[in-house]
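This is what each chain is made of:
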Amino acid sequence: MASRVCLVHYHEIGLKGKNRSRFEHVLMDSIKAALAAFSVATITRISGHILVTFSERGEAEAAMPLIAKVPGVARCSLAFHTNREPAEYCKAAIEALREFGSFETFKAASRRSNTDYELTSMDLNQQVGEALCLAFPDKKVKMKDPDATVHVLVVQGSVYVYAKSIRGVGGLPQGSADKVVTLLSSGIDSPVATWLLARRGAVTVPVHFSGRPQTADTSEYLCQDIIRELAPAVQIGRMYVVPFGDCQREISLKTPSDLRVIMYRRVMYSVAERIAKLEGAKALVTGESLGQVASQTLENIMAVNEVVDIPVFRPLIGSDKQEIIARAQQIGTYDISCQTAPDCCTLFMPRRPETHAKLDAVHEAWEMFDHEAMIEHLVDSVEYVDFDAPVYHRPRAMKARHEVLAPRETRVRNHSDKTFDDEELLEK
Ligand code: ATP
Ligand code: MG
């Protein structure tokens, strides 16, 4: 009797030359983490695929859509696993085509990963094709672009047969790239930006600026919902929360109202950069899209960007809102983001924000409040929430937090002849 398994296909990893084996292992770890709630028996590499077997019936079918969401997965097929008996794999081929759904034309496509099997792939195609023609007499064989293809893969003593497969999200497995800190609001855009970086293999560490204590903490819970929605296919291990309300109030009282948003953002970027240093993250990520709102003009982006030294990635900069919404719907965060919650963005918003900030005016406003003390204070009051995510390694020495997060001037004074090595602080 054939058992059901998932066969995972990947494209880009296959191109990674010397790194291929490492990437395959990272992908296997991601799939294992995503399937923690399933009865996974084995996850192994076979002939350019990853094979997932289960100890309970029905689990392969249920796991398939989840596996397809794991970054690095190009396609996931639901296969029958049989022995090399022609009667067995031909029966599986008929079952596979039956469960494919509606089709008019089909073909068999066979491959042998080793040549000790007496039948060539041409022989196999013919043998399986004949069995299928007998079972589906009113359907036609078509070699080019058939509606359904029954794949037969012979690997050592086993045969894997499948017709049904679903497209995966693609990209690279999480953990194949380094950490990034993403500025996560509960809005529509930043969850999508976070997801896009995770799909390129980054370990994403979100930082959320809450309006607390000037607002309720609703936005923080929405962010947690977003993280849980992306899981377990996308793993996020920790979210930092910065209670920003009182500082926003101070900024709004001390700086010109049209430059407030830029001041908020400069403080937010600075705090996020400090957290990135603590985490050993190598870039910041935002959900900005060019011209979408007042703060997202090129001048304003420049006026904010200059406060940080590490790269800031804006994967949505060239996307239209409709495209971003479609992606948010696909990854499941859209409905959560549509729930309104006051966060730091809605707090103390000026009626007419500057859309083309002049740097001189920005620098003048920046000196109207003690930004260094504010950043230090915010970093000091950072809170965090942990989630289950094996790909995330937390900074080992939280006690070294204050040292690492100290304002630049202090750091230079304390370590004048030494540069900080963030790697030392990481648990690897
Ligand atoms: P989003 O839908 O992601 O909130 P937006 O279109 O509302 O974006 P802005 O509010 O101007 O645009 O925010 C631009 C980016 O700044 C966000 O995509 C996010 O990366 C970051 N950001 C905004 N508010 C917050 C917040 N409260 N906490 C963390 N990051 C934030
Ligand atoms: Mg927003």
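Look a little higher up for the structure.
A. Quick look at the sheet that holds strand E14 (residues 312-313). The mixed open sheet is built from six strands, whose spatial order is E14-E13-E10-E11-E12-E15. Each of the sheet's edge strands pairs with one partner strand only, and the pair in question is E14 and strand E15 (383-386). One ladder, built from four bridges, connects strand E12 (residues 238-243) with E15; its direction is antiparallel. By the bridge assignment for E15, Tyr240 is matched with Tyr384. Contacts between helix H6 (residues 218-230) and the sheet are confined to strand E11 (203-210), E12 and E15, with E11 contributing the most and set at about 165° to the helix.

B. A look at the pattern of salt bridges. The final tally for this structure, using the stated rule, is 18 salt bridges. The salt bridge partner of Lys321 is Asp189, with a shortest N-O separation of 2.9 Å. On the criterion of sequence distance, the pair formed by Lys321 in helix H10 (residues 321-331) and Asp189 in helix H5 (residues 189-199) is long-range, its members being 132 residues apart. Residue classification places Lys321 among the partly exposed residues on the basis of a relative accessible area of 31%.

C. Quick peek at helix H2 (residues 59-67). When we look at burial in H2, the residues that qualify are Glu59, Ala60, Ala63, Met64, Leu66 and Ile67. If you follow the buried residues of H2, they end up packed against strand E1 (3-9), helix H1 (20-34), strand E3 (49-54), strand E4 (75-82) and strand E9 (165-167).

D. Spatial organisation of the nonpolar core. If you look at the biggest cluster of nonpolar residues, it comprises 44 residues, and the most contacted ones within it are Val181, Met263, Val267, Val271 and Leu284. When contributions to this core are tallied by element, the ones reaching two or more residues are strand E10 (179-183), E11, E12, helix H7 (245-254), helix H8 (260-279), helix H9 (298-305), helix H12 (359-366) and helix H13 (371-380). Among the elements that line this core, the one with the most residues is H8, at 11 residues. In contact with Val271, not counting residues within four places along its chain, are Phe209, Val242, Ile375, Leu378 and Val379. In this structure, Val169, Leu230, Leu316 and Ile331 belong to the second largest nonpolar core, which totals 30 residues.

Reading the values: rules and limits
- Residues numbered from 1 in each chain as written.
- Chains lettered and ligands numbered in written order.
- Predicted model: local features only at pLDDT ≥ 70, side-chain atom pairs only at ≥ 80, totals over all residues.
- Heavy atoms only, no water.
- Pairing = 2+ DSSP bridges.
- Helix = DSSP H or I, 4+ residues; strand = E, 2+ residues; numbered from the N terminus.
- Contact = heavy atoms within 4.5 Å.
- Axes fitted to C-alpha atoms, helices over the stretch in contact; angles between N-to-C directions.
- Salt bridge = Lys/Arg side-chain N within 4 Å of Asp/Glu carboxyl O.
- Buried < 20%, exposed > 50% of the residue type's maximum accessible area, 1.4 Å probe, protein only.
- Core = buried A, V, L, I, M, F, W, Y, C linked by side-chain atoms within 4.5 Å.

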